[in-house]
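Coordinate inspection notes
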Amino acid sequence: MSTPLVGIVMGSDSDWPLVQKAADTLTAFGVAFDVRVISAHRTPDLAFDYAANAEARGLKVIIAAAGGAAHLGGVLAAHTVLPVIGIPVAGGALNGLDALYATLQMPAGIPVATVTLGSAGPVNAALLAVQILGTADPDLRAKFHAYKDELKSKVAEGNAKVRAQRAQ
Ligand code: RP5
């Protein structure tokens, strides 16, 4: 097992069905990661320990997912110099707007790079982590070039499909 470069943390195991998409995306790029359930509110000491030791463990990026009063990303970012990417998780009376604003609205000095609500969020969080790691890893960057080419091919295929249907 290689040393994890990305730490995926979520506030509750109820977040995992969504957050799993980040894990799948990192796996597709061959990036080593680990996964933890740590709550900023229910296990604040654990959240502190995790963030404070993340750099020494060899992590390069942290992905933090939480719903509701989503303070996890901000709390982890407060205790580490590693980049933190926040995933707001929908649920509850405000349907994720609470988590989006809580994750996004960090004061100057403590950035949390916040991705969107919904299934695009965890995918983009992982892609952003890959891009960050890619700045110091040419092989990973080459994989990202290939990924972008794949996106282009899919659009070209979609274009051809729609135009063919219109011609019928
Ligand atoms: C947040 O509260 C978690 O990240 C989760 O999104 C939400 C609900 O948690 P559970 O009550 O399902 O454990 O802290």
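Residues numbered from 1 in each chain as written. Predicted model: local features only at pLDDT ≥ 70, side-chain atom pairs only at ≥ 80, totals over all residues. Heavy atoms only, no water.

**Overview of the sheet that holds strand E5 (residues 113–114)**
In space, the five strands of this open sheet follow the order E2-E1-E3-E4-E5, with parallel pairing throughout. Every interior strand has two partners, whereas the edge strands, strand E2 (33–37) and E5, have only one. Examined bridge by bridge, strand E1 (residues 6–10) and strand E3 (residues 61–67) share five bridges and lie parallel to one another. When the sheet's bridge partners are listed, Val6 is paired in E3 with Val61. Along the sheet, helix H1 (residues 16–28) contacts E1, E2, E3 and strand E4 (84–89); its crossing angle with E1, the most-contacted strand, is approximately 170 degrees. The strands touched by helix H4 (residues 97–104) within the sheet are E3, E4 and E5, with E4 carrying the most contacts at an inclination of about 165 degrees. (Pairing = 2+ DSSP bridges. Helix = DSSP H or I, 4+ residues; strand = E, 2+ residues; numbered from the N terminus. Contact = heavy atoms within 4.5 Å. Axes fitted to C-alpha atoms, helices over the stretch in contact; angles between N-to-C directions.)

**Structural notes on the packing of H1 against helix H5 (residues 120–134)**
The N-to-C vectors of H1 and H5 enclose an angle of 35 degrees; their axes lie 7 Å apart at closest approach. Handedness of the crossing formed by H1 with H5: right-handed. Residues Leu18, Val19, Lys21, Ala22, Thr25 and Leu26 of H1 lie in contact with H5, whose contacting residues are Pro122, Val123, Ala126, Leu127, Ala129 and Val130. Looking at side-chain class alone, the contact of H1 with H5 contains 10 nonpolar, one polar and one charged residues. (Left-handed = near helix turned anticlockwise from the far one by under 90°. Nonpolar A, V, L, I, M, F, W, Y, C, P; charged D, E, K, R; others polar.)

**What to know about the site of the ligand**
The immediate surroundings of the ligand are formed by Gly11, Ser12, Ser14, Asp15, Arg42, Ala66 and Gly67. With respect to the ligand, the side chain of Asp15 contributes an N or O atom lying 2.6 Å from an oxygen atom. Gly67 places a main-chain nitrogen or oxygen 3.1 Å from an oxygen atom of the ligand. (Near = heavy atom within 4 Å. Polar contact = N/O pair within 3.5 Å; in protein donor to acceptor, adjacent residues only side chain to side chain.)

**Quick look at the domain arrangement of the chain**
Domain assignment breaks the chain into domain 1 (6–136) and domain 2 (141–168). Taken over C-alpha atoms, the centre of domain 1 sits 30 Å from the centre of domain 2. Of the residues lining the interface, eight residues belong to domain 1; the matching set on domain 2 comes to four residues. On the domain 1 side of the interface with domain 2, the three residues burying the most area are Phe29, Leu127 and Gly134, jointly 71% of the side's total. (Domains from an automatic or database assignment. Buried area = accessible area lost by both parts, 1.4 Å probe.)

**Observations regarding the packing of H5 against helix H6 (residues 138–167)**
Relative orientation of the contacting elements H5 and H6 amounts to 135 degrees, with a least axis distance of 8 Å. As far as their axial angle goes, H6 and H5 are oblique. Note that H5 runs across H6; the crossing there is left-handed. Along the contact surface, H5 presents Leu127, Val130, Gln131, Leu133 and Gly134, while H6 presents Pro138, Leu140, Arg141, Phe144 and Tyr147. Of the residues contributing to the contact of H5 with H6, the split by class is seven nonpolar, two polar and one charged. (Parallel < 35°, antiparallel > 145°, perpendicular 65-115°, else oblique.)

**What about the packing of aromatic side chains?**
Scanning all chains against the criterion turns up three aromatic pairs. Taken together, a centroid distance of 5.6 Å and an interplanar angle of 65 degrees make the contact between Phe29 and Tyr147 edge-to-face. Within this pair, whereas Phe29 is found in the loop between H1 and E2, its partner Tyr147 is found in helix H6, the two being separated by 118 residues in sequence. The exposure class assigned to Tyr147 is partly exposed, which follows from its relative accessible area of 22%. Among the aromatic residues, ring-to-ring pairing joins Phe29, Phe144 and Tyr147 into one connected group. (Phe/Tyr/Trp six-rings, centres within 6.5 Å; stacked < 30°, edge-to-face > 60°. Buried < 20%, exposed > 50% of the residue type's maximum accessible area, 1.4 Å probe, protein only.)

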